[in-house]
Amino acid sequence: MRFYPQQAMKGSMKKILILTSGGDAPGMNPAIRAAVRSAIHQGVQVYASHYGYQGLIDQKIERLYYSSVANCIQLGGTILKTDRCLAFYEKEQRRRCLDFLDSEGIEGLIVIGGDGSFRGASTLQSEGGPAVIGIPATIDNDISGTEYTIGFDTARNTALEAIDRVRDTASSHNRDFLVEVMGRNAGFLAVDVGLAGGAEFILTPEFNLPISELASKVNDTQRKKLSSIIVVAESDQPGRSLQIAKELNQLTNKTYRVCILGHMQRGGTPSALDRKIATLMGAYAVNALIDGSNNQMITRNFGRLSLANFPNPEKPSRRFDNQELLDINSLISR
Ligand code: ADP
(Lines give C-alpha, C1' and ligand atoms only; values in the text may rest on other atoms or scores of the structure.)
Protein backbone atom coordinates (compact mmCIF):
# COMPACT_ATOMS: atom_id res chain seq x y z
CA MET A 1 0.00 0.00 0.00
CA ARG A 2 1.62 3.25 -1.06
CA PHE A 3 1.40 5.97 1.51
CA TYR A 4 2.57 9.45 0.70
CA PRO A 5 0.29 11.53 -1.52
CA GLN A 6 3.10 12.76 -3.72
CA GLN A 7 3.73 9.16 -4.74
CA ALA A 8 0.09 8.57 -5.63
CA MET A 9 -0.97 7.82 -9.17
CA LYS A 10 -4.33 9.24 -10.07
CA GLY A 11 -6.93 6.46 -10.14
CA SER A 12 -10.37 6.46 -11.65
CA MET A 13 -12.11 7.61 -8.48
CA LYS A 14 -13.47 11.11 -8.93
CA LYS A 15 -15.84 11.76 -6.04
CA ILE A 16 -15.69 10.62 -2.44
CA LEU A 17 -17.83 11.33 0.60
CA ILE A 18 -16.60 11.64 4.18
CA LEU A 19 -18.58 11.49 7.41
CA THR A 20 -18.09 11.13 11.16
CA SER A 21 -20.53 8.89 13.00
CA GLY A 22 -21.34 7.58 16.49
CA GLY A 23 -19.54 9.02 19.51
CA ASP A 24 -17.18 11.91 18.81
CA ALA A 25 -13.47 11.56 19.56
CA PRO A 26 -10.71 14.16 19.69
CA GLY A 27 -8.64 13.76 16.53
CA MET A 28 -11.55 13.37 14.13
CA ASN A 29 -10.82 16.83 12.74
CA PRO A 30 -7.17 16.16 11.85
CA ALA A 31 -8.35 12.99 10.08
CA ILE A 32 -10.98 14.93 8.11
CA ARG A 33 -8.45 17.62 7.28
CA ALA A 34 -5.86 15.17 5.99
CA ALA A 35 -8.39 13.20 3.94
CA VAL A 36 -9.79 16.33 2.31
CA ARG A 37 -6.39 17.78 1.49
CA SER A 38 -5.02 14.49 0.23
CA ALA A 39 -8.06 13.86 -2.00
CA ILE A 40 -8.06 17.33 -3.53
CA HIS A 41 -4.30 17.11 -4.08
CA GLN A 42 -4.92 13.95 -6.12
CA GLY A 43 -7.74 15.40 -8.19
CA VAL A 44 -10.58 13.76 -6.26
CA GLN A 45 -13.62 15.81 -5.28
CA VAL A 46 -14.62 15.47 -1.61
CA TYR A 47 -18.10 15.86 -0.17
CA ALA A 48 -19.29 15.74 3.43
CA SER A 49 -22.37 14.26 5.00
CA HIS A 50 -23.14 16.14 8.20
CA TYR A 51 -24.40 14.38 11.35
CA GLY A 52 -23.10 11.00 10.22
CA TYR A 53 -25.61 8.91 8.26
CA GLN A 54 -28.35 11.46 8.98
CA GLY A 55 -26.99 13.63 6.15
CA LEU A 56 -27.60 10.74 3.75
CA ILE A 57 -31.12 10.20 5.08
CA ASP A 58 -31.75 13.95 4.59
CA GLN A 59 -30.10 13.74 1.13
CA LYS A 60 -27.88 16.70 1.91
CA ILE A 61 -24.18 16.69 1.15
CA GLU A 62 -21.72 19.54 0.87
CA ARG A 63 -18.60 19.90 -1.25
CA LEU A 64 -15.42 20.46 0.76
CA TYR A 65 -12.40 22.53 -0.25
CA TYR A 66 -9.01 23.24 1.30
CA SER A 67 -10.61 26.23 3.02
CA SER A 68 -13.31 23.99 4.57
CA VAL A 69 -10.67 22.33 6.74
CA ALA A 70 -8.51 25.35 7.52
CA ASN A 71 -7.68 25.83 11.20
CA CYS A 72 -9.45 22.71 12.43
CA ILE A 73 -6.46 20.49 13.28
CA GLN A 74 -6.42 21.70 16.87
CA LEU A 75 -10.17 21.44 17.51
CA GLY A 76 -11.81 18.67 19.54
CA GLY A 77 -15.10 17.10 18.42
CA THR A 78 -15.89 17.01 14.72
CA ILE A 79 -16.50 19.90 12.34
CA LEU A 80 -18.76 17.57 10.31
CA LYS A 81 -20.96 16.94 13.39
CA THR A 82 -21.93 13.42 14.37
CA ASP A 83 -25.01 11.56 15.42
CA ARG A 84 -26.51 8.17 16.08
CA CYS A 85 -28.95 7.69 13.23
CA LEU A 86 -31.75 5.20 13.91
CA ALA A 87 -33.25 5.51 10.42
CA PHE A 88 -30.06 4.06 8.94
CA TYR A 89 -30.82 0.68 10.55
CA GLU A 90 -33.81 0.37 8.17
CA LYS A 91 -33.13 -1.26 4.82
CA GLU A 92 -35.69 0.88 2.99
CA GLN A 93 -34.05 4.06 4.28
CA ARG A 94 -30.62 2.81 3.24
CA ARG A 95 -32.00 2.07 -0.24
CA ARG A 96 -33.03 5.73 -0.52
CA CYS A 97 -29.50 6.70 0.57
CA LEU A 98 -28.03 4.41 -2.11
CA ASP A 99 -30.17 6.01 -4.83
CA PHE A 100 -29.06 9.43 -3.60
CA LEU A 101 -25.36 8.51 -3.54
CA ASP A 102 -25.69 7.03 -6.99
CA SER A 103 -27.36 10.16 -8.36
CA GLU A 104 -24.55 12.27 -6.86
CA GLY A 105 -21.88 10.02 -8.43
CA ILE A 106 -20.23 9.17 -5.10
CA GLU A 107 -17.79 6.30 -5.69
CA GLY A 108 -16.02 6.12 -2.33
CA LEU A 109 -16.97 6.63 1.30
CA ILE A 110 -14.70 7.34 4.26
CA VAL A 111 -16.37 6.68 7.62
CA ILE A 112 -14.67 7.94 10.76
CA GLY A 113 -16.15 6.29 13.85
CA GLY A 114 -16.45 3.17 15.95
CA ASP A 115 -17.43 -0.38 15.12
CA GLY A 116 -21.16 0.52 14.98
CA SER A 117 -20.45 3.08 12.28
CA PHE A 118 -18.37 0.49 10.42
CA ARG A 119 -21.29 -1.98 10.57
CA GLY A 120 -23.50 0.66 8.97
CA ALA A 121 -20.94 1.37 6.22
CA SER A 122 -20.31 -2.28 5.52
CA THR A 123 -24.05 -3.01 5.31
CA LEU A 124 -24.52 -0.15 2.87
CA GLN A 125 -21.63 -1.41 0.78
CA SER A 126 -23.01 -4.96 0.67
CA GLU A 127 -26.30 -3.54 -0.59
CA GLY A 128 -24.59 -1.95 -3.58
CA GLY A 129 -23.11 1.20 -2.06
CA PRO A 130 -19.81 2.90 -2.82
CA ALA A 131 -16.44 1.45 -1.82
CA VAL A 132 -15.89 2.11 1.87
CA ILE A 133 -12.85 2.63 4.09
CA GLY A 134 -13.15 3.10 7.86
CA ILE A 135 -10.95 5.21 10.11
CA PRO A 136 -11.18 3.91 13.70
CA ALA A 137 -12.05 6.70 16.13
CA THR A 138 -13.24 6.17 19.68
CA ILE A 139 -11.78 7.11 23.05
CA ASP A 140 -12.48 3.53 24.20
CA ASN A 141 -9.77 1.98 21.96
CA ASP A 142 -11.94 -1.15 21.74
CA ILE A 143 -12.09 -1.90 18.01
CA SER A 144 -10.88 -5.41 17.21
CA GLY A 145 -7.96 -5.59 14.78
CA THR A 146 -6.27 -2.32 15.70
CA GLU A 147 -4.18 -1.47 18.73
CA TYR A 148 -5.03 2.19 18.39
CA THR A 149 -8.11 4.29 17.75
CA ILE A 150 -8.15 8.05 17.29
CA GLY A 151 -9.11 9.92 20.46
CA PHE A 152 -7.70 7.42 22.95
CA ASP A 153 -4.53 9.34 23.70
CA THR A 154 -6.28 12.65 24.26
CA ALA A 155 -8.87 11.02 26.54
CA ARG A 156 -6.25 9.29 28.67
CA ASN A 157 -4.30 12.53 29.04
CA THR A 158 -7.45 14.41 30.00
CA ALA A 159 -8.37 11.77 32.59
CA LEU A 160 -4.79 11.71 33.87
CA GLU A 161 -4.80 15.45 34.42
CA ALA A 162 -8.03 15.08 36.39
CA ILE A 163 -6.53 12.31 38.55
CA ASP A 164 -3.48 14.43 39.32
CA ARG A 165 -5.82 17.11 40.63
CA VAL A 166 -7.81 14.61 42.68
CA ARG A 167 -4.52 13.34 44.10
CA ASP A 168 -3.65 16.83 45.39
CA THR A 169 -6.77 17.00 47.49
CA ALA A 170 -6.66 13.29 48.41
CA SER A 171 -3.17 13.68 49.78
CA SER A 172 -3.84 16.98 51.58
CA HIS A 173 -6.84 15.55 53.43
CA ASN A 174 -5.67 11.92 53.75
CA ARG A 175 -8.66 10.81 51.71
CA ASP A 176 -9.49 7.84 49.55
CA PHE A 177 -11.04 8.31 46.13
CA LEU A 178 -12.68 6.26 43.45
CA VAL A 179 -12.20 7.92 40.05
CA GLU A 180 -14.55 6.63 37.36
CA VAL A 181 -13.41 6.78 33.74
CA MET A 182 -15.13 5.91 30.47
CA GLY A 183 -14.21 3.03 28.15
CA ARG A 184 -17.48 1.17 27.61
CA ASN A 185 -16.86 -2.57 27.83
CA ALA A 186 -13.08 -2.33 27.66
CA GLY A 187 -10.55 -1.33 30.28
CA PHE A 188 -7.91 0.26 28.04
CA LEU A 189 -8.59 3.79 29.23
CA ALA A 190 -8.83 2.74 32.89
CA VAL A 191 -5.58 0.76 32.77
CA ASP A 192 -3.51 3.51 31.15
CA VAL A 193 -4.96 6.22 33.35
CA GLY A 194 -4.61 4.07 36.48
CA LEU A 195 -1.01 3.15 35.76
CA ALA A 196 0.07 6.66 34.78
CA GLY A 197 -1.90 8.22 37.63
CA GLY A 198 -0.46 6.01 40.38
CA ALA A 199 -3.74 4.27 41.25
CA GLU A 200 -3.77 1.59 43.94
CA PHE A 201 -6.21 -0.60 42.02
CA ILE A 202 -7.84 -0.60 38.63
CA LEU A 203 -11.29 -2.11 38.20
CA THR A 204 -12.28 -2.77 34.61
CA PRO A 205 -15.21 -4.60 33.01
CA GLU A 206 -12.85 -7.48 32.17
CA PHE A 207 -11.53 -7.72 35.70
CA ASN A 208 -14.26 -7.48 38.28
CA LEU A 209 -12.56 -7.98 41.59
CA PRO A 210 -15.17 -8.88 44.24
CA ILE A 211 -15.62 -5.86 46.50
CA SER A 212 -14.88 -7.96 49.62
CA GLU A 213 -11.49 -8.87 48.12
CA LEU A 214 -10.82 -5.26 47.21
CA ALA A 215 -11.78 -4.22 50.76
CA SER A 216 -9.32 -6.65 52.33
CA LYS A 217 -6.58 -5.45 49.99
CA VAL A 218 -7.11 -1.76 50.75
CA ASN A 219 -7.32 -2.57 54.47
CA ASP A 220 -3.99 -4.37 54.45
CA THR A 221 -2.17 -2.76 57.39
CA GLN A 222 1.24 -3.36 55.80
CA ARG A 223 0.45 -0.79 53.15
CA LYS A 224 0.08 2.11 55.63
CA LYS A 225 -1.50 4.36 53.03
CA LEU A 226 -2.88 7.70 54.16
CA SER A 227 -4.69 8.31 50.90
CA SER A 228 -5.40 6.26 47.82
CA ILE A 229 -6.94 6.35 44.38
CA ILE A 230 -8.82 3.49 42.78
CA VAL A 231 -9.66 3.83 39.09
CA VAL A 232 -12.98 2.31 38.04
CA ALA A 233 -14.03 1.82 34.42
CA GLU A 234 -17.65 2.81 34.00
CA SER A 235 -18.39 -0.32 31.93
CA ASP A 236 -22.04 -0.39 30.84
CA GLN A 237 -23.19 1.21 34.08
CA PRO A 238 -22.00 4.82 34.28
CA GLY A 239 -22.03 5.84 37.93
CA ARG A 240 -21.24 2.33 39.21
CA SER A 241 -18.41 3.68 41.37
CA LEU A 242 -21.06 5.17 43.71
CA GLN A 243 -22.28 1.68 44.60
CA ILE A 244 -18.71 0.38 44.91
CA ALA A 245 -17.89 3.26 47.27
CA LYS A 246 -20.93 2.45 49.40
CA GLU A 247 -19.93 -1.20 49.71
CA LEU A 248 -16.30 -0.30 50.44
CA ASN A 249 -17.41 2.17 53.12
CA GLN A 250 -19.36 -0.58 54.87
CA LEU A 251 -16.60 -3.18 54.60
CA THR A 252 -13.62 -1.01 55.52
CA ASN A 253 -15.11 1.64 57.80
CA LYS A 254 -13.44 4.24 55.63
CA THR A 255 -15.15 6.88 53.53
CA TYR A 256 -14.50 6.65 49.80
CA ARG A 257 -15.21 9.76 47.79
CA VAL A 258 -16.28 9.41 44.19
CA CYS A 259 -15.25 11.48 41.20
CA ILE A 260 -16.98 10.58 37.90
CA LEU A 261 -15.10 12.14 34.99
CA GLY A 262 -17.84 11.55 32.40
CA HIS A 263 -18.03 13.39 29.11
CA MET A 264 -15.16 15.77 29.85
CA GLN A 265 -12.99 12.84 28.65
CA ARG A 266 -14.50 13.05 25.17
CA GLY A 267 -13.76 16.74 24.58
CA GLY A 268 -10.69 18.89 24.32
CA THR A 269 -7.96 19.72 21.90
CA PRO A 270 -6.46 16.55 20.38
CA SER A 271 -3.04 15.48 21.69
CA ALA A 272 0.05 15.44 19.47
CA LEU A 273 -0.20 11.65 19.13
CA ASP A 274 -3.87 11.75 18.11
CA ARG A 275 -3.22 14.53 15.60
CA LYS A 276 -0.29 12.65 14.12
CA ILE A 277 -2.04 9.30 13.78
CA ALA A 278 -5.29 10.89 12.57
CA THR A 279 -3.42 12.84 9.90
CA LEU A 280 -1.65 9.71 8.66
CA MET A 281 -4.87 7.68 8.72
CA GLY A 282 -6.83 10.37 6.84
CA ALA A 283 -4.31 10.43 4.00
CA TYR A 284 -4.01 6.65 4.03
CA ALA A 285 -7.80 6.25 3.68
CA VAL A 286 -7.90 8.36 0.52
CA ASN A 287 -5.04 6.42 -1.05
CA ALA A 288 -6.72 3.14 -0.13
CA LEU A 289 -9.88 4.18 -1.99
CA ILE A 290 -7.90 5.39 -5.00
CA ASP A 291 -6.00 2.10 -5.03
CA GLY A 292 -9.27 0.16 -5.19
CA SER A 293 -9.46 -1.08 -1.60
CA ASN A 294 -12.93 -1.61 -0.25
CA ASN A 295 -14.80 -2.73 2.87
CA GLN A 296 -11.75 -2.35 5.09
CA MET A 297 -10.56 -0.20 7.95
CA ILE A 298 -7.21 1.33 8.69
CA THR A 299 -5.39 -0.27 11.56
CA ARG A 300 -2.32 0.66 13.56
CA ASN A 301 -0.38 -2.25 15.01
CA PHE A 302 3.21 -2.21 16.24
CA GLY A 303 3.35 1.41 15.12
CA ARG A 304 2.51 0.69 11.48
CA LEU A 305 -0.59 1.56 9.50
CA SER A 306 -2.26 -1.12 7.43
CA LEU A 307 -5.65 -2.20 6.09
CA ALA A 308 -7.75 -4.96 7.66
CA ASN A 309 -11.26 -6.30 7.35
CA PHE A 310 -13.90 -4.64 9.47
CA PRO A 311 -14.42 -6.40 12.82
CA ASN A 312 -16.73 -9.40 12.75
CA PRO A 313 -20.10 -8.01 13.93
CA GLU A 314 -20.84 -11.33 15.66
CA LYS A 315 -17.78 -11.03 17.90
CA PRO A 316 -17.42 -8.80 20.97
CA SER A 317 -15.32 -5.64 20.77
CA ARG A 318 -11.64 -5.69 21.79
CA ARG A 319 -10.99 -6.36 25.48
CA PHE A 320 -8.04 -5.98 27.77
CA ASP A 321 -6.17 -9.18 28.49
CA ASN A 322 -7.31 -10.54 31.85
CA GLN A 323 -3.99 -11.99 32.97
CA GLU A 324 -2.14 -8.79 32.10
CA LEU A 325 -4.59 -6.85 34.23
CA LEU A 326 -4.10 -9.24 37.15
CA ASP A 327 -0.35 -8.72 36.86
CA ILE A 328 -0.74 -4.94 36.68
CA ASN A 329 -3.01 -4.84 39.72
CA SER A 330 -0.66 -6.94 41.80
CA LEU A 331 2.19 -4.67 40.73
CA ILE A 332 0.56 -1.34 41.55
CA SER A 333 -1.12 -2.36 44.82
CA ARG A 334 2.19 -2.98 46.62
P1 ADP B 1 -20.00 3.82 17.16
O2 ADP B 1 -19.66 3.99 15.72
O3 ADP B 1 -19.34 4.88 18.02
O4 ADP B 1 -19.76 2.41 17.66
P5 ADP B 1 -22.89 3.35 17.15
O6 ADP B 1 -22.80 1.91 17.52
O7 ADP B 1 -23.93 4.16 17.84
O8 ADP B 1 -21.55 4.16 17.36
O9 ADP B 1 -23.17 3.41 15.57
C10 ADP B 1 -23.24 4.66 14.91
C11 ADP B 1 -24.29 4.62 13.84
O12 ADP B 1 -23.95 3.65 12.84
C13 ADP B 1 -25.68 4.19 14.30
O14 ADP B 1 -26.39 5.24 14.91
C15 ADP B 1 -26.31 3.81 12.98
O16 ADP B 1 -26.70 4.95 12.25
C17 ADP B 1 -25.14 3.14 12.25
N18 ADP B 1 -25.17 1.67 12.44
C19 ADP B 1 -24.65 0.94 13.45
N20 ADP B 1 -24.89 -0.38 13.29
C21 ADP B 1 -25.61 -0.50 12.14
C22 ADP B 1 -26.16 -1.59 11.43
N23 ADP B 1 -26.05 -2.87 11.87
N24 ADP B 1 -26.85 -1.32 10.29
C25 ADP B 1 -26.97 -0.06 9.85
N26 ADP B 1 -26.46 1.02 10.46
C27 ADP B 1 -25.79 0.82 11.60
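Structural data are supplied above this passage.
Report on the accompanying structure. (Residues numbered from 1 in each chain as written. Predicted model: local features only at pLDDT ≥ 70, side-chain atom pairs only at ≥ 80, totals over all residues. Heavy atoms only, no water.)

Check the secondary structure of the chain and you find 10 helices and 11 strands. A globule of 334 residues ought to have a C-alpha radius of gyration of about 20 Å, and the chain, at 22 Å, matches this closely. Overall size of the chain, expressed as C-alpha extent along the three principal axes, is 70 × 40 × 30 Å. Summarising the internal contacts of the chain: among those between residues at least 6 apart in sequence, 75% fall at separations of at least 24. Summed over its atoms, the accessible surface of the chain is roughly 14900 Å², and 48% of this surface lies on carbon and sulfur atoms. (Helix = DSSP H or I, 4+ residues; strand = E, 2+ residues; numbered from the N terminus. Rg over C-alpha atoms; globule rule 2.2 N^0.38 Å. Contact = heavy atoms within 4.5 Å. Areas by Shrake-Rupley, 256 points an atom, 1.4 Å probe, with all protein chains shown as cover.)

Every one of the 15 residues lining the ligand counts as a neighbour, but Arg 84, Cys 85, Gly 114, Gly 116 and Ser 117 are closest to it. Cys 85 is positioned such that a nitrogen or oxygen atom in its backbone is 2.7 Å from an oxygen atom of the ligand. Here Gly 116 contributes a backbone N or O atom positioned 3.0 Å from an oxygen atom of the ligand. Burial of the ligand by the protein chains amounts to 88% of its free accessible area of 560 Å². With 5 residues, the top contributor of residues to the shell around the ligand is helix 4 (residues 115-126). Partitioning the shell around the ligand into residue classes produces 4 nonpolar, 7 polar and 4 charged. (Near = heavy atom within 4 Å. Polar contact = N/O pair within 3.5 Å; in protein donor to acceptor, adjacent residues only side chain to side chain. Nonpolar A, V, L, I, M, F, W, Y, C, P; charged D, E, K, R; others polar.)

Core analysis: the largest hydrophobic core is formed by 80 residues, its most contacted members being Ile 16, Ile 110, Ile 112, Ile 230, Leu 248 and Ile 298. Counting residues per element, this core draws most heavily on helix 9 (residues 272-290), at 9 residues. By size, the runner-up hydrophobic cluster in this structure holds 21 residues, among which are Leu 19, Tyr 47, Phe 88 and Leu 101. (Core = buried A, V, L, I, M, F, W, Y, C linked by side-chain atoms within 4.5 Å. Buried < 20%, exposed > 50% of the residue type's maximum accessible area, 1.4 Å probe, protein only.)

A few words on the side chain of Arg 94. For Arg 94, the position within the fold is in helix 3 (residues 91-104). A distance of 2.7 Å separates a polar atom in the side chain of Arg 94 from a polar atom in the side chain of Glu 127. Ignoring sequence-local partners within four residues, the contact set of Arg 94 consists of Phe 88, Tyr 89, Thr 123, Leu 124 and Glu 127.

Let us now look at the side chain of Thr 138. By the secondary structure assignment, Thr 138 is in the loop between strand 5 (131-136) and helix 5 (152-173). One polar contact links the side chain of Thr 138 to the main-chain amide nitrogen of Asp 140, over a distance of 2.9 Å. Apart from the residues within four sequence positions on either side, Thr 138 is in contact with Ala 25, Ile 143, Thr 149, Ile 150 and Phe 152.

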